[in-house]
Amino acid sequence: ALLAALAAAPTSGAAAFIGPSNAGRRVAVGDVTRLPPLMMNKRASKRRPAKKSGGGFGKKPRVTSMNIKKRAKPDFVYAGSLRPHEQSPTRLVNPDDILSLPDYAIDGVPKRKGSSAEIEVKTEEDIVKMRRAGRAAREVLDIAGRLAAPGVTTDAIDAAVHAASIERGAYPSPLNYRNFPKSCCTSVNEVICHGIPDSRPLQEGDIVNIDITVYLDGYHGDCSEMFVVGGRESLDEAGQRLIQTTYDCWVQSMQLVRPETNYNVIGNSIQEYVHERGYSTVRSFCGHGIGQVFHTAPNIFHYKINQPLDVMKAGHVFTIEPMICEGDNHPHMWQDDWTATTVDGKRSAQFEHTLLVTDDGVEALTGKIESSPVQWWEEESQFSKGVFLGTSADAVARAKELGNLVK
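What you are looking at is a predicted structure, and each value in this text was computed from that prediction instead of being measured.

Trainee: Describe the overall build of the protein, and please don't skip the residues or the numbers.
Mentor: In terms of regular secondary structure, the protein is built from 6 helices and 19 strands. Intrachain contacts of the protein at a sequence separation of at least 6 include 72% that bridge at least 24 residues. Of the accessible surface of the protein, which amounts to about 15600 Å², a share of 51% is contributed by carbon and sulfur atoms.

Trainee: Please provide a residue-by-residue account of the side chain of S348, values included.
Mentor: Within the fold, S348 resides in strand β17 (residues 348-350). Those residues in contact with S348 that sit more than four places away from it in its chain are N189, E190, V191, I192, I207, M226, L242, M323, I324, C325 and T342.

Trainee: Tell me what's going on with the pattern of salt bridges, and back it up with residues and numbers.
Mentor: In the structure shown here, the tally under the stated rule is 24 salt bridges. For K129, the salt bridge is made with D217, and the minimal N-O distance between the two is 3.6 Å. Here K129, found in helix α1 (residues 124-146), pairs with D217, found in the loop between β8 (207-216) and β9 (219-228); they are 88 residues apart in sequence, far enough to count as distant. The class of K129 is buried, set by a relative accessible area of 19%. A salt bridge links R135 to E370; its shortest N-O distance comes to 3.6 Å. Placement of the pair is R135 in helix α1 and E370 in the loop between β19 (361-364) and α5 (376-379), with a sequence separation of 235 residues. Several salt bridges converge on common partners, so that one network encompasses R135, E139, E167, R168 and E370.

Trainee: Give a detailed account of the sheet that holds strand β10 (residues 280-281), specifying residues and quantitative values.
Mentor: Spatially, the 3 strands line up as an open sheet ordered β10-β14-β17, and their pairing is antiparallel. On the outer flanks of this sheet lie β10 and β17, each paired with one strand and no other. In this structure, strand β14 (residues 323-325) lies alongside β17, joined through 3 bridges in antiparallel fashion. Opposite I324, over in β17, you have A349 as the bridge partner.

Trainee: Go over the packing of aromatic side chains with me, naming the residues and quoting the values.
Mentor: Counted according to the given criterion, the structure contains 14 aromatic pairs. Seen in terms of ring centroids, W250 and F351 are 5.4 Å apart; in terms of plane orientation they differ by 20°. Their pairing is stacked. You can see W250 sitting in helix α3 (residues 237-255) and its partner F351 sitting in the loop between β17 and β18 (353-358), a full 101 residues away along the chain. F351 carries the same exposure label as W250, and that label is buried. Ring pairing ties together the aromatic residues Y247, W250, F351, W376 and W377, which thus form one cluster. The aromatic ring of Y273 is capped on one face by R277, whose charged end is 3.6 Å from the ring centroid.

About the criteria used
Residues numbered from 1 in each chain as written. Predicted model: local features only at pLDDT ≥ 70, side-chain atom pairs only at ≥ 80, totals over all residues. Heavy atoms only, no water. Helix = DSSP H or I, 4+ residues; strand = E, 2+ residues; numbered from the N terminus. Contact = heavy atoms within 4.5 Å. Areas by Shrake-Rupley, 256 points an atom, 1.4 Å probe, with all protein chains shown as cover. Salt bridge = Lys/Arg side-chain N within 4 Å of Asp/Glu carboxyl O. Buried < 20%, exposed > 50% of the residue type's maximum accessible area, 1.4 Å probe, protein only. Pairing = 2+ DSSP bridges. Phe/Tyr/Trp six-rings, centres within 6.5 Å; stacked < 30°, edge-to-face > 60°. Lys NZ or Arg CZ within 6 Å of the ring centre and 35° of its normal.

Structure representation (C-alpha cells):
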C-alpha cells in the first residue's frame, strides 16, 4: 500500500508502500533493476476492473485465473537466488463459515476508507473485538510457524493458514485484497515483504517471515514473525545477527509507545539502532493504523523523520513492522507486482505486532499466548528477556503469568 509524501492512503498489503506511482519504470542498478519508491496505494493509478464472480470468496470455484502466475519475461533479472514457483488455485471461503466478510472479498477493491489525517481513537467495544482478532491472528501465526520445516512448501503453510482462519470464524485478510491471491504472505531470505506462497519447498537454513492478518467480526488483527528452517543450528552467524538485531530494534521501538509521545520516536530509534550495527531499514514500506479498515492512519515510519508527527493517544491502534536488511534497503519488485526483494539479493528480516496505546503504556494485541513457543532471539534480547507483551500493567502481569518476566 502506498502513500504520497506523508499523507495516509489505503494500503496494498501487510505493510504500507511509500512514494509516487512508477508502474512500468525501472532504474538500472548494476545488473539488476531498481524500482523508484512507490505510493501507498500501488494500484490507485491503474486499478484492475472488478471481477464479477469474486476472487477468494464463494461456494464454487468459479474463478480459477486470478492467481495464474504471469509468464516471466526471459530478460527479467532476479536480485538473489530465489525464484517464483507454481502457485495453486486460489482458495475459496464459504461465507456461512465465517462471522463477516471484508468489503473487498468479492472484487478485490477496498470500499471503506480510513481517515488520511485523523487517527481513530478506538472505543471499548472496538478494543474488545480487536483483542479477539489479535488473539485469533496469533493462534494462526503459531500454527503456521510450526510448519516452517525443510521440505514443506509455503503453499502448504498458506493452506493451513486458510483453514485455521476459517476454523476461528475469521476471513484471511490478505485473500483477494487488491487481488492478492493467497491467505498469507511468506517472505523467504531476500524477500522484504509480500511474498506469495507457492510450491517451492523450504530449505534448511532459510529464514522466512510469515505475515498473518485475520478479519474477525468486523476487525483486522495483523502480526508477523521470523522462523528459521531447520532451527538455529542451521543458520549462519550473520543470519542470526540479522534476526536478533531486527527483533531488538522492534522491541525497543515498542517500549517507547505511550500517550503523549510523538510518533517519530519509533523510526528514530529503529534507524539509530540498526545503523550502528551495519544494517539498513527499509523506507519504501511502513506500518499502519488498523481496525475495521485494514490500513489507515497513522503511517508508522521505520526510519528517522526530522519533523514532528502526530502524538500518540490512548485508544490508538497501529502496527510496528520494521524490515531490516543486511545490505541495500531499496526494493526490487518481481513481475507479480507484489513480491519485494532486496535489490542486492541479501537477506531481510521483519517482525510485526498490532499495538494498542493504553493509559499506562502499550499492549500487543497479537502478543504470544500460553501455547506459543519462545524463540532464542526472545530469550537473548537486550531489551526484554522472554516474550514481550507490552509495557502496560496488564501486559506485564500477563507476561509474568506466562513465566516470561518483561523488563
